[in-house]
Amino acid sequence: MKDKPELNGIMEFGDMPASEFRESGRWALDWLADYFENIDDFPVLPRVEPGDISRMLPSDPPREGEEMGEILEDFTRIILPGVTHWNHPGFMSYFSITGSGPGILGELLCAGLNVNAMLWKTCPSSTELEQTVMEWLRKLIGLPESFWGLSYDTASVSTMHAIAAAREMVPGIDVRRQGLCNSGKRLRLYISDQTHSSIEKSAIILGIGLDGVRTISSDEDFRMEAPALAEAIKDDIREGWTPFCVVATVGTTSTTSVDPVDDIADICREHGIWLHVDAAYGGMGAVLPELKWVMKGCEKADSLVTNPHKWLFTPQEFSALFCRHRDLLKRAFSLVPEYLKTDQDQVALNYMDYGIQLGRRMRSLKLWFIMRYFGTSGIQRRIRRVIGWAQEIAAKIDNHPDFVRIAPVPFSTICFRAVPEKSENDGDNSATVDTLNQKLIHAVNRTGRVYLSHTRLNGKLAIRMALGNIRTEKRHVEEAWNTLLEEWESLKEEFMEAG
Ligand SMILES: *Cc1c(COP(=O)(O)O)cnc(C)c1O
C-alpha cells in the first residue's frame, strides 16, 4: 500500500479544499490502478466470518472530522479484507461482471457533477446523452426503431416498470384511479420455472400477488414450453382470469437458456397480452452477429430489459429498458406537481415522467465512455472471446469421465456436475452426489484463485461457471479448470474409499 497522503487539517466550514481533494483523489486513482495491476494476488473471496468487519468499526460516528489520510488507511485496513473481488479475473460466480476503466472514470465524473436530471431543464446534457446512448444500445443489440429506451438502476426495477405499463393496457380497468383491488378483475402474469425471482417481486409490489403468477413448465433444455403457455392462458380465461402479461427470458439466470420468444410472442398477440422479455444477461450476447438468433421474436415484444452492468463492462448500476409503448409507461407514472412544471414540458423529455423515482443521476456518462472507448468491434471481440473459452470448457466437461454437463451453453455460462464415473442412477445416491459437488465448489473457492457458484436443476445440485469479466484471460480459465480437476481428484479418492 502507498504511504498515507499528507493532508491539511479539516476546515471549519465548507468542503474539502481543492488541493486536498486533488491529493486524495490522486491517491485513490493510483490505488485503483495498482489494484487492477495486482488484482490477481487477492483472494477472490474474502477470508472473513460474519461480524468480522463490523467489529472493527466504531459504534458511534466521530465527534470531530478526521483526516482523509486516516479514512483512506482504514479503507485498506478494514474494508478491503472484507471485499469480494467482483473485478477479479477468477470471479466466475453468478454472472461475471466488470467495472472497466472507462466506466469507472464515467462514474467518477458523474459523482462530481452530481446532477439531478429529473427534468430536461435540470440537466439538458444528461437527458440528451441518455437518449443518444439508449439509441446506440438499441442498435447494438438489434432492436427495431419502434423501441424507446431509458435507464434504471437494475433489471428488477426495469421489469417492475414494464409490468406497471402492461397493467395500463388492460381494457376496462383504471388502476391509476381505482387501484387494482377495486377493478373487479383478477390479473394473471405468466413466467416459466426458470424465470428470475425479480418478476415475482414485481407481482407482489404491483398488486398482482403471487397467486396471480402462473408458472409454465420448461423443456429439457430449460426453455419455456410455448404450447403449455397457450393452454394455460385458455384455461385461465375460462376460469375468469384476465391474462395480461407474459415474461419470457433470453438467457435465464441458472442455465442461460433462451425461451422461444418468437412462438411466445405469437401467443401473446393472439390474446392481446403484453410480452416483456428479460434479457438482463443474454441481450448483450446479441451484439455478436453469430448470436443474433437469441433475439428472434423480440421485435414483437412490448418491452425488453437488458443490463449493461452485467456483460457490457459497466459499473453497477445500469439497466436498460426498451419499450414500444412510451405513452403507456408515461401514463402509468406521470404525476407533475406545480413546482416541477417547466416551459419546455411540451417539447422536451422529462425522465421523471417515466418511473417511480424523481431524481436521476447522469448514468449514461459511463456507458457513453465505454461504447466510445472500446467501440462496437472491441466490445464484440471481448464478448466473443469468453464465449469461445466457455465452449472449450463445455467440451472438456463432455470428454471427462466424471463430469456431466447439465444444460446447453449458448453464451459463456456452464452448468455441470461431478458424478464419479458417471455412475449415478437417478434417485438413490443423488443426495450424496449433491454433497460431493457442494464440497467440490467449496474446495475450489477456498483456493482463493477461482470463485464458482451453484444452482439446482431438476432437483440436482449443479456447479455453475460463468465467464465474462474483461480482465479474465485464457490462463485464468485454464487455472480454473486445473484447480477444479485437482480438487476433484482428491475428493473423489476420499469418496471412493468411503464407498
Ligand atoms: C441478473 C438478472 C436479473 C436481475 O438483475 P438486477 O439488475 O440485479 O435486478 C434479472 N433477470 C435475469 C435473467 C438476470 O440474469
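This text gives an overview of the structure that appears in the document.

The rules behind these values
Residues numbered from 1 in each chain as written. Predicted model: local features only at pLDDT ≥ 70, side-chain atom pairs only at ≥ 80, totals over all residues. Heavy atoms only, no water. Patch = residues over 30% accessible without salt bridge, like charges linked within 9 Å, V, L, I, M, F, W, Y side chains within 5 Å. Areas by Shrake-Rupley, 256 points an atom, 1.4 Å probe, with all protein chains shown as cover. Salt bridge = Lys/Arg side-chain N within 4 Å of Asp/Glu carboxyl O. Lys, Arg positive; Asp, Glu negative; His and termini not counted. Charge placed at Lys NZ, Arg CZ, Asp CG, Glu CD. Helix = DSSP H or I, 4+ residues; strand = E, 2+ residues; numbered from the N terminus. Buried < 20%, exposed > 50% of the residue type's maximum accessible area, 1.4 Å probe, protein only. Pairing = 2+ DSSP bridges. Near = heavy atom within 4 Å. Polar contact = N/O pair within 3.5 Å; in protein donor to acceptor, adjacent residues only side chain to side chain. Nonpolar A, V, L, I, M, F, W, Y, C, P; charged D, E, K, R; others polar. Phe/Tyr/Trp six-rings, centres within 6.5 Å; stacked < 30°, edge-to-face > 60°. Lys NZ or Arg CZ within 6 Å of the ring centre and 35° of its normal.

What to know about a negative patch on the surface
Next up, step 1: On the surface, Glu489, Glu493, Glu494 and Glu497 cluster together into a patch of negative charge.
Next up, step 2: With respect to the helices and strands, the residue Glu489 is situated in helix H15 (residues 474-498).
Next up, step 3: According to the relative accessible area criterion, Glu489 is partly exposed, its value standing at 40%.

Things to note about the pairing of strand S6 (residues 303-306)
Next up, step 1: Of the two faces of S6, the one carrying Ser303 and Val305 and the one carrying Leu304 and Thr306 are both buried.
Next up, step 2: Two strands pair when backbone bridges link them, and strand S5 (residues 274-278) and S6 are joined in this way by three bridges, in the parallel orientation. Each residue of the ladder has a partner; that of Asp278, found in S6, is Val305.
Next up, step 3: Sheet topology places S6 next to strand S7 (residues 319-323); four bridges connect them, and they run antiparallel. When the sheet's bridge partners are listed, Val305 is paired in S7 with Leu321.

Section: the site of the ligand
Next up, step 1: Taken together, 13 residues are adjacent to the ligand, and Ala155, Ser156, Asp278, Asn307 and Lys310 come closest.
Next up, step 2: One nitrogen or oxygen atom from the main chain of Ala155 is found 2.7 Å from an oxygen atom belonging to the ligand.
Next up, step 3: In this structure, Ser156 approaches the ligand through a side-chain N or O atom, which is 2.5 Å from an oxygen atom.
Next up, step 4: Alone, the ligand offers 390 Å² of accessible surface; in the complex the protein occludes 87% of this.
Next up, step 5: Those elements that provide at least two residues to the shell around the ligand are helix H6 (155-168) and helix H11 (308-311).
Next up, step 6: Looking at the shell around the ligand residue by residue, the classes come out as three nonpolar, eight polar and two charged.

Focus on the packing of aromatic side chains
Next up, step 1: Here the structure, examined in full by the defined rule, presents 20 aromatic pairs.
Next up, step 2: Seen in terms of ring centroids, Trp86 and Tyr94 are 5.9 Å apart; in terms of plane orientation they differ by 15°. Their pairing is stacked.
Next up, step 3: Tyr94 sits in the partly exposed class, given a relative accessible area of 44%.
Next up, step 4: Consider the rings of Phe313 and Phe374, whose centres lie 5.8 Å apart with planes at 70°: the pair is edge-to-face. Taken together, the residues span a long stretch of sequence, with Phe313 in the loop between H11 and S7 and Phe374 in helix H13 (residues 364-399) at a distance of 61 residues. Assigned by exposure class, Phe313 and Phe374 land together as buried.
Next up, step 5: An aromatic cluster of at least three residues, connected via ring pairs, comprises Trp31, Tyr35, Phe36, Phe42 and Phe75.
Next up, step 6: When the ring centre of Phe147 is taken as origin, the NZ or CZ atom of Arg324, which lies over that ring, is 5.8 Å away.
Next up, step 7: When the ring centre of Trp148 is taken as reference, the NZ or CZ atom of Arg326 above it lies at 4.3 Å.

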